[in-house]
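# An overview of the molecular structure
Each chain is listed here by its residues.
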Amino acid sequence: MMNRVWRGIAALGRAFGRPGAAFGFMALMLGVAVALQVGLQTGGRNDDAELLLFSQTLALGYDALNPPLVIWLHWLVVQAVGPTLLSARLVVAVLLFAAYPLATAAARRLTPDRGMATFAGLALAALVAWNWAPHLNLSHTVAMTAAGFALLWVTLRLLDRPTWLNWGLAGLVAGLGLLTKYNFALLLAAVVLAGLLTPTTRRVLLSGRAVLGAAVTFVIAAPHYAWLLLHWSAFQELFDAKMGRDAPVAGALEGIKGGLALLGEHSLMVLLPSVALALLLFAPAVWRALVRPARVAPVRRDRLVFAALVPVLLLLILAGLVVGAGVTDIGAHHVYGLLVVVVPLFAWIARGEPGPRSRGLFALVAVVLTLVVPVFLTRMIVETAATCEGKCNTALPYGAYSADLTDAGFTGGTVVMVSSVHRFPMIFLRPHLPPARYVKPLDSQKAAFAPPPRSEPGDCLVLWEAAHDPDRLDRLREDIPGQGAALPDSAIVGVSTGALALSGRPAAHPLGYALIKGGVGACR
């Protein structure tokens, strides 16, 4: 009986050691997750709301918090499927999927063992940070991590064949990576430093052809970073707040100790349980890789050393920001670049020649951890609808709200949202309402964003949280924020209510609205 079980486990390891089976399974499960969210949720979370807001137009920059590449990708998807929750979740799902083959391609440059190279990609499925957290509220971080795997792969490819084409490709990846998230620059610095610290890679990186890679990177990234310089004060204010540089203990010993502790905690949080499981399940191979002399050429050895140095140097750079730049609040999403450690880790374990049982066990764990995601995702969505009080984003009755607004006479124009994205992201009305432009003039991060005026002026619709902002109507009669006009007496005013999805409970988020037919001021 046990022999049959072990044979089955070994067969699973052989099957998932092939990229087609492993990544076909992951694509299927990502599709299931998207289907569950689109089918069961009425709205999404903060990052989904941001995508729907900013993708109204193409711009060099949207706010000083993140670069624009993910917004551009969402804009492209919107042209195909419309501005919906589906469009936002598709972008994230595609970026999540891209990391699997990219990690495998990078590992394949370090080991001839195709199975273990595939497991380097599959290892992401055993990470809570990758297989679960992005379904909740990540987008730019996912893009940055996928770009990190692409950067590692293209650099290893470049080191093997330093042609003009590969230098141009490396510049392309680096430039696009810099447009995913600002902390990609730290990962890029770690890659360059690792290359300069390794003898055979140093010669390649210091060649004259490197100018082409740098030029391509500059051409791609420079327009947005020029825009960022024009908004530098906003960026610096956000950076200081997000990274805890404005905390009273910033720069002091207490702040440094707290920052380093947080860095260590979040680094472990991001890398577990996959890395620990790999070391445990492949323990015999790990031991053999430690005690056996490596029978590889110096060039191949340097490639592995280079790849292993990248996450180490990234961690040191982050620690340097804590010690030298007064950073006290490093979040888990700031250390996602460390996920590239799976590439050198599995290439190194491959040197110990893991057996079929170890491979099968690792594949089994990755498959089980992936299969439970839709179960817990469904449970979370249903429980949110049944128990939420202050934050019910995924269950709010956006359809009922929209029906009331169209019944009131809204036919398109400008929608002014006076709300908190954390409690009531009104942008999820966008798929339900007639074509309109949406603005958030009181949002500290989004106030500067305004899509181009409509070719044909329309109505002005002002929305607010009636329960949390009962005096808003009186203030609107004095001034509609950012629109250069006040609410006229002829405005159609009302409050819309509805029931939460799935549970049918009354939504504790009544929507206040004021509609001015034909518009007023800049709101048309």
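Our structure is the block above this text.
The following refers to the structure shown. (Residues numbered from 1 in each chain as written. Predicted model: local features only at pLDDT ≥ 70, side-chain atom pairs only at ≥ 80, totals over all residues. Heavy atoms only, no water.)

## Observations regarding the overall build of the protein chain
Along its length, the protein chain carries 22 helices and five strands. For the protein chain, the C-alpha radius of gyration of 25 Å lies close to 24 Å, the compact-globule estimate for 524 residues. Across the 524 residues in the protein chain, those meeting the buried criterion constitute 53%. When the accessible area of the protein chain is evaluated, it comes to approximately 21500 Å², of which 66% is carbon and sulfur surface. Once the 41 positive and 28 negative side-chain charges of the protein chain are each reduced to a mean point, those two points are 20 Å apart. (Helix = DSSP H or I, 4+ residues; strand = E, 2+ residues; numbered from the N terminus. Rg over C-alpha atoms; globule rule 2.2 N^0.38 Å. Buried < 20%, exposed > 50% of the residue type's maximum accessible area, 1.4 Å probe, protein only. Areas by Shrake-Rupley, 256 points an atom, 1.4 Å probe, with all protein chains shown as cover. Lys, Arg positive; Asp, Glu negative; His and termini not counted. Charge placed at Lys NZ, Arg CZ, Asp CG, Glu CD.)

## Some thoughts on the state of the cysteines
Scanning the model with the defined rule gives two disulfides in all. Through a disulfide, Cys388 is tied to Cys392; the S-S separation comes to 2.1 Å. For the disulfide bridge between Cys388 and Cys392, the dihedral angle about the S-S bond is near 115°, and by the sign convention the bridge is right-handed. Grouping residues by exposure puts Cys388 and Cys392 together as buried. In this model, Cys460 is linked to Cys523 through a disulfide, with the two sulfur atoms separated by 2.0 Å. Linking Cys460 and Cys523, the disulfide has an S-S dihedral of approximately 95° and is accordingly described as right-handed. Of the two residues, Cys460 is situated in strand β3 (residues 459-465) and Cys523 in the segment after β5 (511-516); the sequence distance between them amounts to 63 residues. Sequential numbering of the bridged cysteines in the protein chain gives the disulfide pattern 1-2, 3-4. (Disulfide = S-S within 2.5 Å.)

## Focus: unusual backbone geometry
Between Leu272 and the following residue, Pro273, the backbone shows a cis peptide bond with an omega angle of 0°. Along the chain, Pro273 falls in the loop between α15 (253-271) and α16 (274-281). Backbone geometry at Glu353 places phi at a positive 50°, although glycine is not the residue there. Take Glu353: it is sitting in the loop between α19 (342-350) and α20 (356-387).

## Concerning helix α2 (residues 19-40)
Taking 1.5 Å of rise per residue, 22 residues should cover 32 Å, and α2 covers 31 Å from first to last C-alpha, within 8% of that figure. Tucked into the core, α2 has its buried residues touching α1 (2-16), α5 (85-108), α6 (114-122), α7 (128-131), α8 (134-137) and α20. (Expected span 1.5 Å × (residues − 1). Contact = heavy atoms within 4.5 Å.)

## Description of the packing of α6 against α20
For the pair α6 and α20, interaxial distance at closest approach is 11 Å and the crossing angle is 25°. On the basis of the axis angle, α6 is roughly parallel to α20. Taken as a pair, α6 and α20 cross one another with a handedness that is left-handed. Judged by residue contacts, Gly115, Met116, Phe119 and Leu122 of α6 engage Arg359, Phe362, Ala363 and Ala366 from α20. Classifying every residue of the contact of α6 with α20 gives six nonpolar, one polar and one charged. (Axes fitted to C-alpha atoms, helices over the stretch in contact; angles between N-to-C directions. Parallel < 35°, antiparallel > 145°, perpendicular 65-115°, else oblique. Left-handed = near helix turned anticlockwise from the far one by under 90°. Nonpolar A, V, L, I, M, F, W, Y, C, P; charged D, E, K, R; others polar.)

## A look at the pairing of β5
Of all six residues in β5, six are buried, a share of seventy percent or more. Here β5 shows no split at all, with Leu511, Tyr513 and Leu515 on one side and Gly512, Ala514 and Ile516 on the other all buried. With six bridges connecting them, β3 and β5 associate as antiparallel partners. Its bridge partner lying in β5, Trp464 is registered against Gly512. In this sheet, β5 lies alongside strand β4 (residues 492-496) in antiparallel orientation, the contact comprising five bridges. Note on β5: the bridge partner recorded for Val495 is Gly512. (Pairing = 2+ DSSP bridges.)

## Section: the pattern of salt bridges
Within this structure, the stated rule accounts for 14 salt bridges. In this structure, Arg89 and Asp48 form a salt bridge, with 2.8 Å as the shortest nitrogen-oxygen distance. One end of the pair, Arg89, is in helix α5; the other, Asp48, is in helix α3 (residues 46-54), and 41 residues separate them in sequence. The buried category is assigned to Asp48, whose relative accessible area is 4%. A salt bridge links Arg292 to Glu353, with the shortest nitrogen-to-oxygen separation between them at 3.8 Å. One end of the pair, Arg292, is in the loop between α17 (283-291) and α18 (298-325); the other, Glu353, is in the loop between α19 and α20, with 61 residues separating them in the sequence. (Salt bridge = Lys/Arg side-chain N within 4 Å of Asp/Glu carboxyl O.)

## Re the packing of aromatic side chains
Counting across every chain of the model gives 17 aromatic pairs. Centre to centre, the rings of Phe23 and Tyr100 are 6.2 Å apart; their planes meet at 35°, and the pair counts as tilted. Here Phe23, found in helix α2, pairs with Tyr100, found in helix α5; they are 77 residues apart in sequence, far enough to count as distant. Look at Phe23 and you get buried, because its relative accessible area is 7%. (Phe/Tyr/Trp six-rings, centres within 6.5 Å; stacked < 30°, edge-to-face > 60°.)

## As for the sheet that holds β4
The sheet built from five strands is open, its strands ordered β2-β1-β3-β5-β4 with mixed pairing. Of all the strands in the sheet, just β2 (436-439) and β4 have a single pairing partner and so form its edges. Taking the axes of each pair of neighbouring strands and ignoring which way they run, one obtains an average angle of 20° across the sheet. Against the sheet, helix α21 (residues 398-407) engages β3, β4 and β5, with an angle of about 25° to β5.

## Quick look at a nonpolar patch on the surface
Judged by side-chain polarity, Leu364, Val368, Val372, Val375 and Phe376 come together as a nonpolar surface patch covering roughly 400 Å² of accessible area. By the element assignment, Val375 lies in helix α20. Take Val375: its relative accessible area is 54%, and that puts it in the exposed class. (Patch = residues over 30% accessible without salt bridge, like charges linked within 9 Å, V, L, I, M, F, W, Y side chains within 5 Å.)

## With respect to α18
A rise of 1.5 Å per residue sets the reference length of α18, with its 28 residues, at 40 Å; its end C-alpha atoms lie 38 Å apart and thus fit the reference within 8%. Bending of α18 peaks at approximately 30° at the position of Val310, with proline Pro311 no more than four residues after it. Just past α18, the residue Gly326 takes up positive phi, approximately 75°. (Bend = angle between axes of the 7 residues up to and from the residue.)

## Notes on the nonpolar core
Core analysis: the biggest nonpolar cluster contains 134 residues, and Trp130 and Phe346 have the highest contact counts within it. When residues in this core are grouped by element, the largest group, 13 residues, is from helix α9 (residues 140-160). Dropping the residues within four chain positions of it, Phe346 is found in contact with Met116, Phe119, Ala120, Ala123, Ala278, Phe282 and Phe362. Val416, Trp464, Ala485 and Val520 belong to the second-largest nonpolar core, a separate cluster that totals 16 residues. (Core = buried A, V, L, I, M, F, W, Y, C linked by side-chain atoms within 4.5 Å.)

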